[in-house]
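# Structural overview for review
Okay, here's what each chain looks like letter by letter:
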Amino acid sequence: MDVSGVLFEQITKRFGETVAVDSLDLRVDDGEFMVLLGPSGCGKTTALRLIAGLESADGGRLRIGDRDVTRVEAKDRDVAMVFQSYALYPHMTVAGNIESPLVARRVSVDGDEPRKLSSAERSARVAEAAGVLGLSELLGRKPAALSGGQRQRVALARAIVSRPSVFLMDEPLSNLDAKLRAQTRLELVDLHRRLATTFVYVTHDQVEAMTMATRMAIMVDGRLQQVGSPREVYERPANLFVARFIGSPPMNSLPGTFEVREGEPSVRVGSGRWPLARGAAAPAEGRRVTVGVRPEHLFITPPGPGNGPGTGAGAGAEGGIDGVIAAVEWLGHERHLVCDVDGSRVTVRETSEHADPEPGRPVRLLARPDAVQLFDESSGDRLR
Amino acid sequence: MSGRRIRERGLAAVLLLPSALIFAAFFFYPLYRLVYLGLHQQNRFGTAERWVGWSQFSDVLTGDDFRDGLSHTVVYVLLTVPAGLVLGVLLAVAAHRRLRGIRVFQTIFGSTVASSVAVASVVFLVLVNPQIGYFRDIGFLSLSDPDTALRGVALSSIWQNLGLTFIIVLAGLQAVPDELYEAAVLDGFGPVRRFWRVTLPLISPTLLFLVVVLVIFGFQAFAQVEILTAGGPAGSTETLVFKIFRNQQPATVGVGAVMAIGLFVITVVVTLVQFALLERRVHYGS
């Protein structure tokens, strides 16, 4: 295995009756920026703490690099963690905080046997880490005299100073304001590129996951749902949960029936119908499914003559599903049309160049055939 | 002055009045009476008094009685405060963990806060009773030996104050975020170094508060002395407050008043010095 990857093998962690992490199998490759994403309580933070050694697994094995660390103490795992609250020592200066991982631990220098660093070596490391994060002017200050963004940098500097093989980050941006968060995302990606080390990053914010991850792992209720690049996960979600968790506004989901007419696959929703692209794997004909379409893959047209409700099958080759605009959300660069369709709500995302349509107007919804996804009605697993 | 200002002044005076009255009745007037009594001498029946001036202050404050009382009090403070603080911190650190049933121990350790000095002293009196006491053979606690009696009194006070110290230190420990300890674990610090590097600095405001409070408690020690030794044997446990109490007869009330003023000034000075010395080493959270 690689030098600093992380491998979960059937890792389980319980807290009393609750199973926080359930038989997790996950491989984080060396040098990867892996984001663990999920709603609160999904087990992502517990998974991170298991890597750190702050929790011990009830079952399974955990490897860092080629070492089995399942029973190795936190300090000997060669990992560093950035906490959500940063966990800076308030009574120490910035320099003291950054230095602290070097004081008691043995640290490897240029790949040699780990050893304790001399005071001069420690100072050099602190200066270097502070330089990387632009903290050189602040070394003498206490955390109370720093801004939120500066504290976050100190926490990062404390993490990089011992040059660990794995960086762990637990929602490190959640205490920053929106503007600073966007800026720090870019800096973290840049830091990852410069350090070329494994990052494992926990967040519930899909934007952070999408923008920073090389791969992301989505968890729900302690179970891994899907692992993949942000694009894979967005375009081919493994199940309805992932489909609706990733993307904003979330993917539309409607009850429907899979049909094939004259060799042309389509899905019937209420009295309308959306054609599907040919060639993809198909479920059994007549099967009840949940239809998923992202808002940007829907378009509206006027419900033209002969295309109206009740004509059903005669809706033309491009098909379409009729509905009524219920609300318009104008966001400047785009707008979201919320439509009522057969008792379901469907959101259409479109550019805001032309005048906003009036709520109450009847419309026909068209979908890009290759972008319509089908999920199992009961399990939510992806069908095509 | 504008009408509005006058109204505001009036409102301020009305709002200040209740606390001003309480301070006047229970602090300023008694202080004035102490000074007055200290400047006068009364006959044996308290029926007549004559002005003796500041000479009574200099006589009493430089006299053997005051010096003995002060030295007993200082020794008593030195015996009770450091030991009580260390024990309280040890107990609190021991009880500050997530264990099933730990609250039972927390309640037991904190329970002495619910007992009065009198109860604690009577319990201790039974423990050191020369005939039946559990500690009757422990010579260095004996209340009947002038060399050891103050230690015995101090021990009972350490026990009595332990509940308060424990509860306040425990509250201080619980205010330290878990993530700081976890960060320290990842930084490779063992339990002992975590205590010195993280815990102690972060509970230092709590400890400063306790030092001040316990020192003042020590300077005010009276009931435990009265119950355990009544100042004896041979006056070896007469603290300042005890001596003030002894000087409440009309003939010596002036002496007692001067001692009380002396104790007040000493307590204020000691507290200010503590703040000045310890403040610099105390970290107040961000």
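Rules behind the numbers
Once a new chain begins, its residue numbering starts again from 1 and follows that chain's sequence as written. Each chain gets a letter, beginning with A, and each ligand a number, beginning with 1, in the order they are written. Given that the model is predicted, a residue must reach a pLDDT of at least 70 before its local features are reported, and side-chain atom pairs must reach 80 or more before they are shown or counted; all residues, however, enter totals for whole chains, interfaces and linings. Secondary structure elements follow DSSP: runs of H or I of four or more residues count as helices, runs of E of two or more count as strands, with numbering from the N terminus. Between the buried cut of 20 or more and the exposed cut of 12 or fewer other C-beta atoms within 10 Å of a residue's own C-beta lies the partly exposed class, and all C-beta atoms are placed from the backbone. Here the contact rule is simple: place C-beta atoms from the backbone, and any two residues whose C-beta atoms are within 7 Å are in contact. It is over C-alpha atoms that the radius of gyration is taken, and the globule rule equals 2.2 Å times the number of residues to the power 0.38. Between any two strands, at least two bridges found by DSSP are needed for them to pair. All axes here are fitted lines through C-alpha atoms, helices being fitted over the stretch that makes contact, and every angle between N-to-C directions spans 0 to 180 degrees. Domain ranges listed in this record stem from an automatic or a database domain assignment. The nonpolar class holds Ala, Val, Leu, Ile, Met, Phe, Trp, Tyr, Cys and Pro. Asp, Glu, Lys and Arg form the charged class, and all remaining residues, Gly among them, are polar. pLDDT is a residue-level measure of predictor confidence that goes from 0 to 100.

## Some points on the overall build of chain A
Along chain A, the regular secondary structure elements total 8 helices and 20 strands. Each principal axis of the C-alpha atoms in chain A carries an extent, and together these give about 85 × 45 × 35 Å. Here chain A, with 384 residues, has 40% of them falling under the buried criterion. Within chain A, contacts between residues at least 6 apart in sequence are counted, and of these 65% link residues at least 24 apart.

## As for the overall build of chain B
Assigned secondary structure in chain B consists of 12 helices and 2 strands. Helices (α) and strands (β) of chain B occur, in sequence order from the N terminus, as α-β-β-α-α-α-α-α-α-α-α-α-α-α. Relative to the compact-globule value of 19 Å for 286 residues, chain B shows a C-alpha radius of gyration of 24 Å, a clear excess of over 25%. Along the three orthogonal principal directions, the C-alpha set of chain B runs to about 75 × 75 × 30 Å. When burial is assessed residue by residue, chain B has 30% of its 286 residues classed as buried. Contacts in chain B between residues far apart in sequence, at least 24 positions, make up 69% of those at least 6 positions apart.

## What about the sheet that holds strand 2 (residues 18-28) of chain A?
Residue and element names in this part refer to chain A. The antiparallel open sheet is built from 4 strands, whose spatial order is 2-1-4-5. Two strands bound the open sheet, and with one partner strand each, they are strand 2 and strand 5 (67-68). One ladder, built from 5 bridges, connects strand 1 (residues 6-15) with strand 4 (residues 59-64); its direction is antiparallel. Residue pairing in the sheet places glutamate 9 in a bridge with arginine 61 of strand 4. Sheet strands touched by helix 1 (residues 44-52): strand 1, strand 2 and strand 4. Its angle to strand 2, the strand with the most contacts, is close to 65 degrees.

## Section: the domain arrangement of chain A
Residues and elements named next belong to chain A. You can read the domains of chain A as domain 1 (6-244) and domain 2 (253-376). Distance between the C-alpha centres of domain 1 and domain 2: 42 Å. Contacts between the two partners involve 4 residues from domain 1 and, on the opposite side, 5 residues from domain 2. Of the residues contributing to the side of domain 1 that touches domain 2, the split by class is 2 nonpolar, 1 polar and 1 charged.

## Brief notes about the environment of valine 202 of chain A
Residues and elements named next belong to chain A. Looking at where valine 202 falls in the secondary structure, it is placed in strand 8 (residues 198-203). Take valine 202: there are 25 C-beta atoms within 10 Å of it, and that puts it in the buried class. Between the C-alpha atom of valine 202 and that of leucine 48, which follows or precedes it by 154 residues, the distance is 7.2 Å. Ignoring any residue separated from it by four or fewer positions in sequence, one finds valine 202 in contact with Leu36, Lys44, Thr45, Leu48, Met169, Asp170 and Glu171.

## As for the sheet that holds strand 10 (residues 223-228) of chain A
Residues and elements named next belong to chain A. Pairing in this open sheet of 6 strands is mixed, and the strands run 6-7-8-3-9-10 from one edge to the other. This sheet does not close on itself; its edge strands, each paired only once, are strand 6 (79-82) and strand 10. Averaged over all pairs of adjacent strands, the angle between strand axes in this sheet comes to 20 degrees, irrespective of strand direction. Judged from the 5 bridges that link them, strand 7 (residues 166-170) and strand 8 form a sheet pairing that is parallel. Across the sheet, residue aspartate 170 finds its bridge partner in strand 8, namely valine 202. Across the face of the sheet, helix 4 (residues 148-160) comes into contact with strand 6 and strand 7 while running at roughly 175 degrees to strand 6.

## Considerations on the confidence of the model for chain A
Averaged over all residues, the pLDDT of chain A equals 88, while 95% of them reach at least 70. With pLDDT under 50 throughout, residues 307-315 of chain A is counted as low confidence; its partners more than four residues away or in other chains account for 14 contacts.

## Some details on the domain arrangement of chain B
Residue and element names in this part refer to chain B. Entries for chain B in the domain assignment read domain 1 (3-55) and domain 2 (63-279). Relative to domain 2, the C-alpha centre of domain 1 lies at a distance of 32 Å. At the interface, 11 residues of domain 1 touch 8 residues of domain 2. Mapped onto the side of domain 1 that touches domain 2, the elements with two or more residues apiece are helix 1 (3-38) and strand 1 (40-42). At 4 residues, helix 1 tops the list of elements feeding residues into the side of domain 1 that touches domain 2. Split by residue class, the side of domain 1 that touches domain 2 holds 4 nonpolar, 6 polar and 1 charged.

## Focus on the environment of serine 85 of chain A
Tracing the chain through its elements places serine 85 of chain A in the loop between strand 6 and helix 2 (94-103). What makes serine 85 of chain A partly exposed here is the crowd of 17 C-beta atoms within 10 Å. Considered as a pair, serine 85 of chain A and asparagine 175 of chain A are 90 residues apart in the sequence and their alpha carbons are 7.5 Å apart. Serine 85 of chain A has contacts with Pro177 and Glu179 of chain B, leaving out every residue within four places of it along the chain.

## Quick notes on the interface of chain A and chain B
Much of the literature gives interface size as the accessible area that the parts lose upon coming together. Listed per partner, the contact involves 18 residues of chain A and 17 residues of chain B. Broken down by secondary-structure element, the contributors of at least two residues to the side of chain A that touches chain B are strand 6 and helix 2 of chain A. A class-by-class count of the residues in the side of chain A that touches chain B yields 13 nonpolar, 3 polar and 2 charged.

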